[in-house]
Structures are given as C-alpha cells and as structure tokens.
Amino acid sequence: MNTTYSSIETTKTKALVITALFIALTLVATMFINIKLPIMGNGGLIHLGNVPLFVAAFVFGRKTGAIAGAFGMGMFDLFSGWTVWAPFTFVIVGTMGFVAGLISEKVPGKRVIVNSMAVAAALLIKIVGYYFAEVILYGNWIQPFGSIPGNILQVVIAGIIVVPLVARIKNRAI
C-alpha cells in the first residue's frame, strides 16, 4: 500500500470535512443566533455567523474562511427569504473570510494584534460591500448609511469573541 497516497487522501478528506463543518456552523449561527433590527429601512440583521467564519479563517486558513463564509451565509440568504442578497453575500462574505485568513496567515507579529487587524479589514469589506449592494438593490445613496451601525456591531462582536479564543483553538486544532 502506498502510504503517501493514503496520507494525501486522508489530508484531503480532513480538509473537506472541516470546510463542510464550518459551512454548517456559519449557516446555523447566522440562522438561529440573530436579532432583526427594526430601525433599518431595509431590515438589518445582527447575527453570530461571523464567529465560525473568523475561526475557520484564523485556524484553518483563507480558503476555508472564504468557503465557509460564502456558502454558509449565502445559503442563509437563500433559505430565509433574503434571496436577493445571496449573490452579494456570497462575494462580500467570501472576500471577508479570504482576506481575514490571508492576513492571519501572512502578516508576522503578535497573533492578537494580527487577528484584530484581520477583523478590521473584514469589517471594512463588509461595510463597503453591503453599502454598494444596497445602492444597487435600492437605487439610493443615502439609505445604506443606516445599515452601517449594524454591520459594525456584528463584526466587532464576532471579533471580541474570536480573537481572544482563537490562539487556544489553534493549539488544539485537528
């Protein structure tokens, strides 16, 4: 038996299972741990789906973070009546996961600071991405400003939860 082939297959299978797990965790955290904001003109939503997204990106890398975010939150949009948002979410949140993972992987320095920078970059992507998505969907340049506080709160809460814990999780990662 070729042990190299077996090892490669085990690694691929493990990566596939981990990625699928984080897609599911992101979907469930977005779907079931959320608060709909009545103050937004378009009905904002604060959820904890960014928590598994950041864990995936920081512990397992940019590819897992991007796929977990894009598919997990994109499927939430499809399943929960926010269907028109799904293509935007797929791109925006996939980019958030990729960039956060990339920064965490490539930038040297103290992990807490680097991961905080990654969360800040993801926040910027979310704010700019969803601002322009709302402009496209609603044809209004002013109304999207109402969604920014909810987007900030959502990502900052996830960062507060994930950044202190990710070093401990990474040490125990499969």
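Our structure's up above, just so we're on the same page.
To keep things clear, this report deals only with the structure shown in the data block.

What counts, and at which threshold
Every chain is numbered independently, its residues counted from 1 as its sequence is written. With the structure being a predicted model, the display of local features is reserved for residues of pLDDT at least 70 and the display and counting of side-chain atom pairs for 80 or more, all residues being used for whole-chain, interface and lining totals. As a rule here, side-chain values cover all heavy atoms of the structure and leave hydrogens and water aside. Angles run from 0 to 180 degrees between N-to-C directions of axes, and those axes are lines fitted to C-alpha atoms, restricted for helices to the stretch in contact. To qualify as a helix, a DSSP run of H or I must reach at least 4 residues; to qualify as a strand, a run of E must reach at least 2; elements of each kind are numbered from the N terminus. Working definition: roughly parallel below 35 degrees, roughly antiparallel above 145 degrees, roughly perpendicular at 65 to 115 degrees, and oblique for all remaining angles. A crossing counts as left-handed when the near helix is turned anticlockwise from the far one by less than a right angle, and as right-handed when that turn is clockwise. In this description, contact between two residues means that some pair of their heavy atoms is separated by no more than 4.5 Å. Amino acid classes used here: Ala, Val, Leu, Ile, Met, Phe, Trp, Tyr, Cys and Pro are nonpolar; Asp, Glu, Lys and Arg are charged; the rest, including Gly, are polar. Only residues whose relative accessible area exceeds 30% and that form no salt bridge are eligible for patches; like-charged ones are grouped when within 9 Å, while nonpolar side chains (Val, Leu, Ile, Met, Phe, Trp, Tyr) are grouped when within 5 Å. Method for areas: the Shrake-Rupley scheme with a 1.4 Å probe, in which residue coverage is limited to the protein chains shown. Each reported salt bridge corresponds to a side-chain nitrogen of Lys or Arg within 4 Å of a carboxyl oxygen of Asp or Glu. Each residue is placed in one exposure class: buried if its accessible area under a 1.4 Å probe, protein chains only, is under 20% of its type's maximum, exposed if it is over 50%, and partly exposed if it falls in between. Definition of nonpolar core: a set of buried residues of the types Ala, Val, Leu, Ile, Met, Phe, Trp, Tyr and Cys, connected through side-chain atoms within 4.5 Å.

This part covers the packing of helix α2 (residues 50-60) against helix α5 (residues 111-138). Close contact between α2 and α5 brings their axes to 12 Å; oriented N to C, the two are set at 130°. It follows from the interaxial angle that α2 and α5 lie oblique. Crossing handedness for the pair α2 and α5: right-handed. Residue-level inspection shows Asn50, Phe54 and Phe58 of α2 in contact with α5, the latter providing Asn115, Ala118, Val119, Ala122 and Lys126. Of the residues in the contact of α2 with α5, the class split is 5 nonpolar, 2 polar and 1 charged.

Together, Leu124, Val128, Phe132, Trp141, Ile142 and Phe145 line one region of the surface with nonpolar side chains, adding up to about 670 Å² of accessible area. Along the chain, the position of Leu124 falls in helix α5. Leu124 gets classed as exposed once you look at its relative accessible area, which sits at 56%.

Let us now look at the nonpolar core. Within the largest apolar cluster, 32 residues are counted, with the highest numbers of intra-cluster contacts made by Phe54, Phe58, Met96 and Val162. Taken together, the elements giving at least two residues each to this core come down to α1 (3-32), α2, α3 (62-79), α4 (86-106), α5 and α6 (148-172). Ignoring anything within four residues of it in the chain, the contact list for Phe58 reads Ala100, Ser104, Asn115, Ala118, Val119, Val162, Val166 and Lys170.

What is shown is where atoms sit, not what they do.
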